[in-house]
Amino acid sequence: MRGIAAKLGAGTMTLYHYVRTKDDLVALMDDALMGEVLVPDGNLPKSWRGALTLIAQRTRVVFMRHPWALLSMRGVLPGPNGMRHFEQCLAALSSTSLDRAGKLALLALVDDFVFGHVLRVGEARLQKNKAANAKVTVAFMDYAKRQIETGKFPETAALFRDVSPSNVSDQVTGFGRDEERFESGLEALLDGAEGQMRARGSSKQGRTRKKGA
């Protein structure tokens, strides 16, 4: 609180008039981020896939800009914007045949994918900015080369048989650009969800026909 007060040019005790505790401050920060995630009123696509895709894209952009928030704000209770975000997510799935458990499971799966992507990309970018990372990469590649030569890793050896050792790391961690990887992964996830919905719909129709017969 003293650090924030210094940046604002205010007295520390003055801040306590507006924010009583550190937890309250973190909650306000979290709600401000969720305000950035929110799709503006009237702009949420009507199709569930389009709506969920837009929400996921906006979430990715916000947390790529504030990657620290994923770990620093764990366990924070949702505020007004957090509630509005959850409402938008449910509105995105309102036209689907999913029950309550199905909706919550799909939303959790999308969140897992988005946040996992942000954490992985953020870590990769952090590593690229470290001069010492080059030495770590060289040491690891030397170790990996010796292990492959033992013959215990035939699939790994076959996969990178035509790739120079210096390019293996880039091949593993950089297949496609970050945004392209995100979009293709999200599309695959939603393809799977759509396929399950269709299968459940066909199953229900089949049972209905049998009862009618």
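To be clear, the structure that these remarks concern was listed above.
Here is what the cut-offs are and how they apply
- Residues numbered from 1 in each chain as written.
- Predicted model: local features only at pLDDT ≥ 70, side-chain atom pairs only at ≥ 80, totals over all residues.
- Heavy atoms only, no water.
- Helix = DSSP H or I, 4+ residues; strand = E, 2+ residues; numbered from the N terminus.
- Buried < 20%, exposed > 50% of the residue type's maximum accessible area, 1.4 Å probe, protein only.
- Contact = heavy atoms within 4.5 Å.
- Areas by Shrake-Rupley, 256 points an atom, 1.4 Å probe, with all protein chains shown as cover.
- Core = buried A, V, L, I, M, F, W, Y, C linked by side-chain atoms within 4.5 Å.
- Salt bridge = Lys/Arg side-chain N within 4 Å of Asp/Glu carboxyl O.
- Expected span 1.5 Å × (residues − 1).
- Arc of directions from axis to C-beta.
- 1 Å grid on protein atoms, 1.4 Å probe; cavity = no way out; pocket = protein on both sides within 12 Å on 5 of 7 lines; lining within 4 Å.
- Points joined across faces, edges and corners; volume = space filled by probe spheres on them.
- Nonpolar A, V, L, I, M, F, W, Y, C, P; charged D, E, K, R; others polar.
- Phe/Tyr/Trp six-rings, centres within 6.5 Å; stacked < 30°, edge-to-face > 60°.
- Lys NZ or Arg CZ within 6 Å of the ring centre and 35° of its normal.

**Here's the deal with the overall build of the protein**
Of the regular secondary structure elements, the protein holds 11 helices and zero strands. Every one of the 213 residues in the protein was classed for burial, and the buried ones make up 27%. The long-range share in the protein, meaning contacts at least 24 apart out of those at least 6 apart in sequence, stands at 71%. With an accessible surface of roughly 14700 Å², the protein has 57% of that area assigned to carbon and sulfur atoms.

**Some thoughts on the nonpolar core**
Core analysis: the biggest nonpolar cluster contains 20 residues, and Trp-48, Leu-52, Leu-106, Val-110 and Leu-190 have the highest contact counts within it. Put simply, the parts of the chain that give this core at least two residues each are helix H4 (48–65), helix H6 (80–92), helix H7 (100–128) and helix H11 (178–212). By residue number, the principal contributor to this core is H11, which donates six residues. What Val-110 contacts, discounting residues up to four positions off in sequence, is Leu-52, Ala-56, Leu-186, Leu-189 and Leu-190. If you look at the next biggest cluster of nonpolar residues, it comprises 12 residues, including Val-26, Met-34, Val-62 and Met-64.

**Notes on the pattern of salt bridges**
Tallying each qualifying case throughout the model produces eight salt bridges. Between Arg-146 and Asp-142 there is a salt bridge, with its nearest N and O atoms 2.4 Å apart. Remark: Asp-142 and Arg-146 occur in helix H8 (residues 133–148); sequence separation between them is four residues, near one turn of the helix. The class for Arg-146 is partly exposed, based on a relative accessible area of 43%. The salt bridge involving Arg-198 is made with Glu-194; its shortest N-O contact spans 3.2 Å. Of this pair, Arg-198 and Glu-194 both sit in helix H11, four residues apart, which is roughly one turn of the helix.

**Some points on H6**
Taking 1.5 Å of rise per residue, 13 residues should cover 18 Å, and H6 covers 18 Å from first to last C-alpha, within 8% of that figure. Among the residues of H6, those classed as buried are Asn-81, Gly-82, His-85, Gln-88, Cys-89 and Ala-92. Across the axial projection of H6, the buried residues extend over an arc of 115 degrees, all falling on one side. Seen from the buried face of H6, the exposed residues on the opposite side, beyond 90 degrees, are Pro-80, Met-83 and Glu-87.

**Re the layout of surface pockets**
Over the atoms rolls a probe the size of a water molecule, and in doing so it shows where empty space is left. Estimates place the volume of the second largest pocket at around 570 Å³. Together, 27 residues line the second largest pocket, and Met-34, Phe-63, His-85, Asp-111 and Phe-115 are the ones closest to its centre. Elements with a minimum of two residues in the lining of the second largest pocket: helix H3 (22–37), H4, helix H5 (69–72), H6 and H7. Per-element accounting of the lining of the second largest pocket gives the leading share, seven residues, to H7. When the residues that make up the lining of the second largest pocket are grouped by side-chain class, the tally is 20 nonpolar, four polar and three charged.

**Re the packing of aromatic side chains**
A full pass over the atoms with the stated rule returns two aromatic pairs. With centroids separated by 5.4 Å and ring planes inclined at 25 degrees, the aromatic side chains of Phe-113 and Phe-182 adopt a geometry described as stacked. Of this pair, Phe-113 sits in helix H7 while Phe-182 sits in helix H11, placing them 69 residues apart in sequence. The side chain of Arg-60 reaches across the aromatic face of Phe-182, ending 5.3 Å from its centre.

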